[in-house]
Amino acid sequence: MSRIVYVNGAYLPEEQAKISVFDRGFLFADGVYEVSSVLCGKLIDNEGHLARLHRSLSELDMATPASDAEIETIQKTLIAKNGVDQGLVYLQVTRGAADRDFAYPQGVAPSLVMFTQNKNVIDSPQARNGIAVIGVEDIRWRRRDIKSVGLLAPCMAKMQAKAAGADDAWLVEDGYVTEGSSSNAFIVSAEGVLITRQLGNEILAGITRKAVLKLAQEQQLEIEQRPFSIEEACNASEAFITSATTFVMPVVSIDGNPIADGKPGRLTRRLRELYIQAALDSVDEA
């Protein structure tokens, strides 16, 4: 059966879904997006994703296409129509359709597109075994705090990683890791200190990142938010990434160098367990 998607007020089979050739998301990557996880048919951390959506829209002086309540109703309707138990809901807002001009058009309604994907987000083989990453030069624009649909550079980084036999890339700028190609990056020092880059224009303020840092604080872990290098990461006792669709994902090698014994670390496994349990608890309360 065809998947049902949402395009500007209509629920449609994906084969019938269309946007204008003049949509600025298509012409200029003039749009933003969010991805919310689904567990047991329920949205996870969705309030944080919608808050970040508003921030991205505001930074680009882009109109909001619907209220949060309306957006959440659409998300839940798509989950129900597509029978999603585990997976995600993708949401994209563009400035809308207008004749091609670099200047922002006035009086144009924004476009809103959403769709679902089924994905086993809990029992992932990669979560059990860990992933390999490589360091790649960060060639993205300077406003990575805006969740823009302009994702060609991260795509290139992922393909560079795959060509090297790795699973993903950590992006490096001025000698320091900024983040993963589609995730936030963490290491654990030999002393057990949890280290991740501080927020700023250089990285995206990950919703899962924020949740994991809160869990780490509750576990009374020492946390440092600062830059770290690939060399420091290679000498760490553990490493992992966080994102809405990977939760807490162990990194077991960097540039071909195993992290510690080359297996997912104890603290990483524990933080993943805590995050999943907190997510399931939120589902029970919904």
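Everything that follows concerns the structure shown earlier in this document.
Residues numbered from 1 in each chain as written. Predicted model: local features only at pLDDT ≥ 70, side-chain atom pairs only at ≥ 80, totals over all residues. Heavy atoms only, no water.

### Brief notes about the overall build of the protein
No. 1: Each helix and strand in the protein was counted, giving 8 helices and 15 strands.
No. 2: In terms of C-alpha radius of gyration, the protein reaches 19 Å, essentially the compact-globule figure of 19 Å for 286 residues.
No. 3: Dimensions of the protein, computed from C-alpha atoms along their principal axes, come out at roughly 55 × 45 × 35 Å.
No. 4: Within the protein, contacts between residues separated by at least 24 positions form 71% of all contacts whose residues are at least 6 apart in sequence.
No. 5: A total of about 13,900 Å² of accessible surface is found on the protein, and carbon and sulfur atoms cover 50% of it.
No. 6: Across the protein, the mean location of the 29 positive side-chain charges is 2 Å away from that of the 38 negative side-chain charges. (Helix = DSSP H or I, 4+ residues; strand = E, 2+ residues; numbered from the N terminus. Rg over C-alpha atoms; globule rule 2.2 N^0.38 Å. Contact = heavy atoms within 4.5 Å. Areas by Shrake-Rupley, 256 points an atom, 1.4 Å probe, with all protein chains shown as cover. Lys, Arg positive; Asp, Glu negative; His and termini not counted. Charge placed at Lys NZ, Arg CZ, Asp CG, Glu CD.)

### Some thoughts on empty space enclosed by the protein
The probe, sized like a water molecule, is rolled over the atoms to show the empty space still left.
No. 1: Scanning all chains against the criterion turns up 1 cavity of 30 Å³ or more.
No. 2: S237, E238, A239, P250, V251, V252, I259, K263, P264, G265 and T268 together form the lining of the largest cavity.
No. 3: Of all the elements in the fold, those that place two or more residues in the lining of the largest cavity are β13 (238-243) and β14 (247-254).
No. 4: With 3 residues, β14 is the single largest residue contributor to the lining of the largest cavity.
No. 5: Residue composition of the lining of the largest cavity, by class: 6 nonpolar, 3 polar and 2 charged. (1 Å grid on protein atoms, 1.4 Å probe; cavity = no way out; pocket = protein on both sides within 12 Å on 5 of 7 lines; lining within 4 Å. Points joined across faces, edges and corners; volume = space filled by probe spheres on them. Nonpolar A, V, L, I, M, F, W, Y, C, P; charged D, E, K, R; others polar.)

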